[in-house]
Amino acid sequence: VSWEDAKAYASWLSEQTGEQYRLPSEAEWEYATRAGTSSAYSFSGSISPGKANFDTTAYAFGASSRTRTVQVGSLPANPWALHEVHGNVSEWVEDCWNDSYNGAPTDGSAWTSGDCGLRLVRGGHWDGPPHWMRSAIRGGIAPASRKDHLGFRLARTFSPR
């Protein structure tokens, strides 16, 4: 699914439900993925095939690669009950690509300046190496790109009642 597809789905879902759905900012995504932890992964400083869906064939884990996505809930959740935040699919976020965090918003909002010809993905994917699964890993991809390892997770904006 492309970034554009994910944005269109969020818009459609918002219209259908009357709630405001959107792609999370990069900062929101990392906050939710880390779930109060400070290690490389939300579950510890190391990774294994029992905790994330990633390519194991070249990394001596003693297991064969799953070679595709797994159903959400197949692997343990992070401390905030979010599943498959490491691996499975790289998840689109709202932000434009920037090489570093210098000048990034400090309020958790999306960074809407920089190279918006690339959009950020987070979390690594089933066909990637273990180090791509780290909570801090980030990549820039053209927003029209569609690949079997790209997906998204929506955020919902709450309004005070």
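Residues numbered from 1 in each chain as written. Predicted model: local features only at pLDDT ≥ 70, side-chain atom pairs only at ≥ 80, totals over all residues. Heavy atoms only, no water.

> Teacher, can you tell me more about the packing of aromatic side chains here?
Summed over the entire model, instances satisfying the criterion amount to 4 aromatic pairs. A cation sits over an aromatic face here: Arg138 above Trp97, 4.8 Å from the ring centre. One Lys or Arg, Arg138, reaches over the ring of Tyr101 and ends 4.8 Å from the middle of that ring. (Phe/Tyr/Trp six-rings, centres within 6.5 Å; stacked < 30°, edge-to-face > 60°. Lys NZ or Arg CZ within 6 Å of the ring centre and 35° of its normal.)

> I keep staring at the pairing of strand S3 (residues 115-122) and nothing clicks. Help me out?
A regular strand carries its side chains on alternate faces of the sheet. Both strand S2 (residues 90-97) and S3 contribute to a ladder of 4 bridges, which runs antiparallel. Within the sheet, the bridge partner assigned to Trp97 lies in S3 and is Asp115. As defined by bridge partners, S3 adjoins strand S4 (residues 138-141) across 4 bridges and the pair is classed as antiparallel. Counterpart to Val121 in the pairing with S4 is Gly139. (Pairing = 2+ DSSP bridges. Helix = DSSP H or I, 4+ residues; strand = E, 2+ residues; numbered from the N terminus.)

> When you look at helix H2 (residues 26-34) in this model, what are you seeing that I'm missing?
For an α-helix, the turn length of 3.6 residues means that residues three or four places apart are oriented alike. For H2, every residue scored as buried is listed here: Glu26, Trp29, Glu30, Thr33 and Arg34. Each buried residue of H2 lies within a common arc of 120° when the element is viewed along its axis, so the set occupies one face. Elements that come into contact with the buried residues of H2 comprise S2, S3 and S4. In the segment just after H2, Ala35 is the residue with positive phi, at about 50°. (Buried < 20%, exposed > 50% of the residue type's maximum accessible area, 1.4 Å probe, protein only. Arc of directions from axis to C-beta. Contact = heavy atoms within 4.5 Å.)

> How should I be thinking about unusual backbone geometry in this particular structure?
Across the chain, the bulk of peptide bonds are trans and the bulk of non-glycine residues have phi less than zero. Here the phi dihedral of Ala35 falls at roughly 50°; this positive angle occurs in a residue that is not glycine. Phi at Glu84 takes a positive value of approximately 50°, unusual for a residue other than glycine. Look at Glu84 and you get buried, because its relative accessible area is 5%.

> Could you clarify how one ought to interpret helix H1 (residues 3-17) in this entry?
Spanning 15 residues, H1 covers 21 Å between terminal C-alpha atoms, matching the ideal 21 Å at 1.5 Å per step. Where H1 is concerned, the buried positions are Trp3, Ala6, Ala10, Leu13 and Ser14. The arc enclosing the buried residues of H1, seen along the axis, measures out at 100°, which places them on a common side. Residues of H1 that are exposed and point more than 90 degrees away from the buried face comprise Glu15 and Gln16. Those residues of H1 hidden inside the fold are in contact with strand S1 (20-22), S2, S3 and strand S5 (150-152). Regarding H1, its N-cap is Ser2, as a side-chain oxygen of that residue lies 3.3 Å from the backbone nitrogen of Glu4 further along. Immediately downstream of H1, the backbone of Gly18 shows phi near 75°, a positive value. (Expected span 1.5 Å × (residues − 1). Polar contact = N/O pair within 3.5 Å; in protein donor to acceptor, adjacent residues only side chain to side chain.)

> What's the story with the pattern of salt bridges in this structure? I'm lost.
Close approach of charged atoms lets side chains of opposite charge pair. If you walk through the whole model with that rule in mind, you get 9 salt bridges. Between Arg146 and Asp5 there is a salt bridge, with its nearest N and O atoms 2.6 Å apart. Of this pair, Arg146 sits in the loop between S4 and S5 while Asp5 is found in helix H1, placing the two residues 141 residues apart along the sequence. Measuring nitrogen to oxygen at the nearest pair gives 2.8 Å for the salt bridge that ties Arg34 to Glu30. On the criterion of helical spacing, the pair formed by Arg34 and Glu30 is a turn pair, its members being 4 residues apart in helix H2. (Salt bridge = Lys/Arg side-chain N within 4 Å of Asp/Glu carboxyl O.)

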